[in-house]
Amino acid sequence: MSPILAFNLGPQEIIILLLLGVLLFGRRLPEVGRYLGKGLVEFKKGFKGLEDDVMDSTASHTSAPNPTAIEPPRPPQRVGVTAPKFQDAPVNTNITNSQTPQV
């Protein structure tokens, strides 16, 4: 008998695992299978995207860069610095000359 997934599982072991799965998950078995399938699809999509990124990056490194596509450096731009403006405290008009505050 040929090994399944290189774990050397025979038909008896597979039947035992299926029975355990039915006992553990019962009515939720279709839902678990659906989630497992969605997870595998997402994993394959992510792996495919990773492969595409690697292939794109290696293809861009092997080809000679186009010198006209590179922008010349720009001179630094001046940014106006605005500092907060503080105002003096308003003078209290209710104080008479005899009640001048001492600083």
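Residues numbered from 1 in each chain as written. Predicted model: local features only at pLDDT ≥ 70, side-chain atom pairs only at ≥ 80, totals over all residues. Heavy atoms only, no water.

In this section: a nonpolar patch on the surface. Taken together, Ile16, Leu17, Leu20, Val22, Leu23, Leu24, Phe25 and Leu29 make up a surface patch of nonpolar side chains, about 780 Å² in accessible area. Broken down by element, the residue count for the nonpolar patch peaks at seven residues, all from helix α1 (residues 11–25). Mapped onto the elements, phenylalanine 25 comes out in helix α1. (Patch = residues over 30% accessible without salt bridge, like charges linked within 9 Å, V, L, I, M, F, W, Y side chains within 5 Å. Areas by Shrake-Rupley, 256 points an atom, 1.4 Å probe, with all protein chains shown as cover. Salt bridge = Lys/Arg side-chain N within 4 Å of Asp/Glu carboxyl O. Helix = DSSP H or I, 4+ residues; strand = E, 2+ residues; numbered from the N terminus.)

Under the criterion given, the structure shown has two salt bridges. Of the charged contacts in the structure, one is a salt bridge between lysine 48 and aspartate 52, with a shortest N-O distance of 3.7 Å. Here lysine 48 and its partner aspartate 52 are both found in helix α2 (residues 29–62), four residues apart, which amounts to about one turn of the helix. When its relative accessible area of 33% is taken as the criterion, aspartate 52 is described as partly exposed. Glutamate 71 is the partner of arginine 74 in a salt bridge, and the nearest nitrogen-oxygen pair spans 3.4 Å. Of the two residues, arginine 74 and glutamate 71, neither departs from the other in class, the shared state being exposed. (Buried < 20%, exposed > 50% of the residue type's maximum accessible area, 1.4 Å probe, protein only.)

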